[in-house]
Amino acid sequence: MSNNSKATWVEKLSTTEMPVLSAVMRQLNRLTGDDDTEVNQLAEVILKDPHLTSQILKIANSVQYNPSNNSISTISRAIVLLGFRGVRSLCISLMVVDSLLGKEPRERLLKVMARSFHAAVQAKEVFKQVSDKRHEEVFIAALLYNLGEMAFWAYGGQTADKLDDELKQSMSGSHELIEKELGISFKILSRELGKVWNLGDTLQEALSSSNTSSNKQLNIQAQAVRLGEAISQLDINDKKGRTALMQQVATFTGGAMADTRQLVDRASESAAAVALEFGASQVCHLMPREKDIKQEKKQQVTQVLSSDPNLQLKILRDLSNSVAEKVDVNTVFQMALEGMHRGIGLERTVLAFFRNDRIKAKYVLGQFTEDWREKFNFDVSTDARNIFADSIVKPQPIWLDERYIKTHEQYYSEEILSLMGKHPAFIGILRINRRNAALFYADRGFTDENLTKDQFDSFKHFLSQAEFTIQSMAEER
């Protein structure tokens, strides 16, 4: 590779093809590099671009950035709440994505950008396990790790056309062909563009050629970036490679393998939603698909449950005897949940209590639900629009079948999709003295087994028996 080739491509992409982006980058770097900068100065730069303004506010109000759901309506407030670094990262990410996609992005660009969003979400989630700071710095570094490749496919002109054709026909390694045509590797191009635009030390560290042999030589931010990038390139059919990589991630986070797999799966499921928030709807179809994750989780299921009518009768009988035996209320709830899980054969079952216009899980059964007790926590106020709030207004338990799912897409919030996905399910409200006391949720998870009318009838039977038992206990007091 010649220095001339490197300088030519860096100059072409950073100034000739994307001059407006370069100018705004310089402004952002100048402002956010000054500790004395006032909030209104940064806000002024952003407000010059109405599209950027609306995008910043949209993302600032998303679950990813604003889990408390406190409305952010001004750029100034977004800067105060997210910080200069956070808003700078959002600006750069949004502007790069918007600039690269253009009017008719080629397929190679879309594929790289899809992988980059996936890597960014993975890196951020992995890093959050070891630090409560600098998440956005890690996110943007992972998103821009392949900046050189994305910029080339967006603005490479005839050279990009020629290389695209050659790669389609080539039987040799793509890296050799790319360096031969450009005189520079995409990785080095990313690193040089990062220097020109001052995209941060984390990106430079992650792209450092001197640290390619071992992630342990890198700082933890760069390690997370590299792990996110590795996850994004993993072939779902490469079981051995996946296991080895999950072990690396587990070693980095200090978590168990099972927790690590769930962490990575959740990030994969949310990657498309994040790309959509950043205005990259064109890449969503190239993101990890739910059915791929579903198939992988299905392979991990050790045993698919089946209905056991005899066990159902036994547990129902125990429930009916609970009042006379003076069993405590919590045991009644647990018995009903176990009856739904083991008796009916519903893989994932939850009992959640109502607290201040929210439902929060108390008891959970089933594989891949280890974090549900903490994260099954949803708004069910009168203004909420989700499957749980919808179930409250229904007089009877509801069956969320394929038709329901199709006609109620808006009820599947990002929080719900991230935690449990979108599967046929049963929801029932346990009411005591006409007051909502608890909610039961049950589905068959990733097994691909269909729910049946018999199972729904049994679900309703357990719900009514638990309701009757607890009502009777309340009346005896």
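The sections below set out a description of the structure shown in this document. (Residues numbered from 1 in each chain as written. Predicted model: local features only at pLDDT ≥ 70, side-chain atom pairs only at ≥ 80, totals over all residues. Heavy atoms only, no water.)

1. Some words on the pairing of strand β1 (residues 348–355)
Here comes step 1: By the criterion of burial, β1 is predominantly enclosed, with 7 of the 8 residues buried.
Here comes step 2: Inspection of the sheet shows β1 paired to strand β6 (residues 435–443) by 6 bridges, in the antiparallel sense. Each bridged residue has a counterpart across the sheet, and for Phe353 the counterpart in β6 is Ala438.
Here comes step 3: Looking at chain direction, β1 and strand β2 (residues 358–365) are connected through 7 bridges and run antiparallel. Pairing of Phe354 across the sheet is with Ile359, part of β2.
Here comes step 4: Turn length for the β1-β2 hairpin, with the two strands adjacent in sequence and antiparallel, is 2 residues, and the turn residue Asn356 shows positive phi of about 50 degrees. (Buried < 20%, exposed > 50% of the residue type's maximum accessible area, 1.4 Å probe, protein only. Helix = DSSP H or I, 4+ residues; strand = E, 2+ residues; numbered from the N terminus. Pairing = 2+ DSSP bridges.)

2. Points about the environment of Phe353
Here comes step 1: Mapped onto the fold, Phe353 is located in strand β1.
Here comes step 2: Spatially, the C-alpha atom of Phe353 lies 4.4 Å from that of Ala438, the residues being 85 residues apart in sequence.

3. Concerning unusual backbone geometry
Working note: non-glycine residues mostly have negative phi, and peptide bonds are mostly trans.
Here comes step 1: Unlike most non-glycine residues, Arg134 shows phi in positive territory, near 65 degrees.
Here comes step 2: By secondary structure assignment, the location of Arg134 is in the loop between α6 (107–128) and α7 (135–143).
Here comes step 3: Using a relative accessible area of 42% as the deciding quantity, one classes Arg134 as partly exposed.
Here comes step 4: Its identity is not glycine, yet Asp357 carries a phi of approximately 65 degrees, on the positive side.

4. Some remarks on the packing of aromatic side chains
Here comes step 1: Per the counting criterion, the structure on display carries 18 aromatic pairs.
Here comes step 2: A centroid spacing of 5.6 Å and a plane angle of 45 degrees characterise the contact between Phe152 and Phe186, whose relative ring orientation is tilted. One end of the pair, Phe152, is in helix α8 (residues 147–155); the other, Phe186, is in helix α11 (residues 186–196), with 34 residues separating them in the sequence. For the pair Phe152 and Phe186, one class covers both residues: buried.
Here comes step 3: Here the aromatic cluster, defined as three or more aromatic residues joined through ring pairs, consists of Trp372, Phe376, Phe378, Phe388 and Tyr441.
Here comes step 4: Over the ring of Tyr412 we find Lys422; its NZ or CZ atom is 5.7 Å from the centre of that ring. (Phe/Tyr/Trp six-rings, centres within 6.5 Å; stacked < 30°, edge-to-face > 60°. Lys NZ or Arg CZ within 6 Å of the ring centre and 35° of its normal.)

5. A few points about the nonpolar core
Here comes step 1: One finds Met113, Phe117, Leu144, Trp153, Leu163, Phe278 and Val283 to be the most contacted residues of the largest nonpolar core, which totals 91 residues.
Here comes step 2: With 13 residues, the single largest contributor to this core is helix α5 (residues 75–101).
Here comes step 3: Each residue touching Phe278, except ones within four places of it in the same chain, is listed here: Gln55, Ile59, Tyr65, Leu90, Ser93, Leu94, Val97, Phe117 and Phe139.
Here comes step 4: One finds Leu319, Met340, Ala438 and Leu451 within the second-largest nonpolar core, a separate group that totals 32 residues. (Core = buried A, V, L, I, M, F, W, Y, C linked by side-chain atoms within 4.5 Å. Contact = heavy atoms within 4.5 Å.)

6. Some remarks on the packing of α5 against α6
A pair of packed helices is captured by two measures, namely the crossing angle of their axes and the spacing between those axes.
Here comes step 1: The geometry of α5 relative to α6 is characterised by a closest axis approach of 11 Å and an angle of 165 degrees between their N-to-C directions. Looking at the two axes, α5 sits roughly antiparallel to α6. Between α5 and α6 lies a crossing whose hand is left-handed. Within the contact between the two elements, α5 uses Val97, Leu100 and Leu101 and α6 uses Leu109, Leu110, Met113 and Phe117.
Here comes step 2: Looking at the contact of α5 with α6 residue by residue, the class counts come to 7 nonpolar, no polar and no charged. (Axes fitted to C-alpha atoms, helices over the stretch in contact; angles between N-to-C directions. Parallel < 35°, antiparallel > 145°, perpendicular 65-115°, else oblique. Left-handed = near helix turned anticlockwise from the far one by under 90°. Nonpolar A, V, L, I, M, F, W, Y, C, P; charged D, E, K, R; others polar.)

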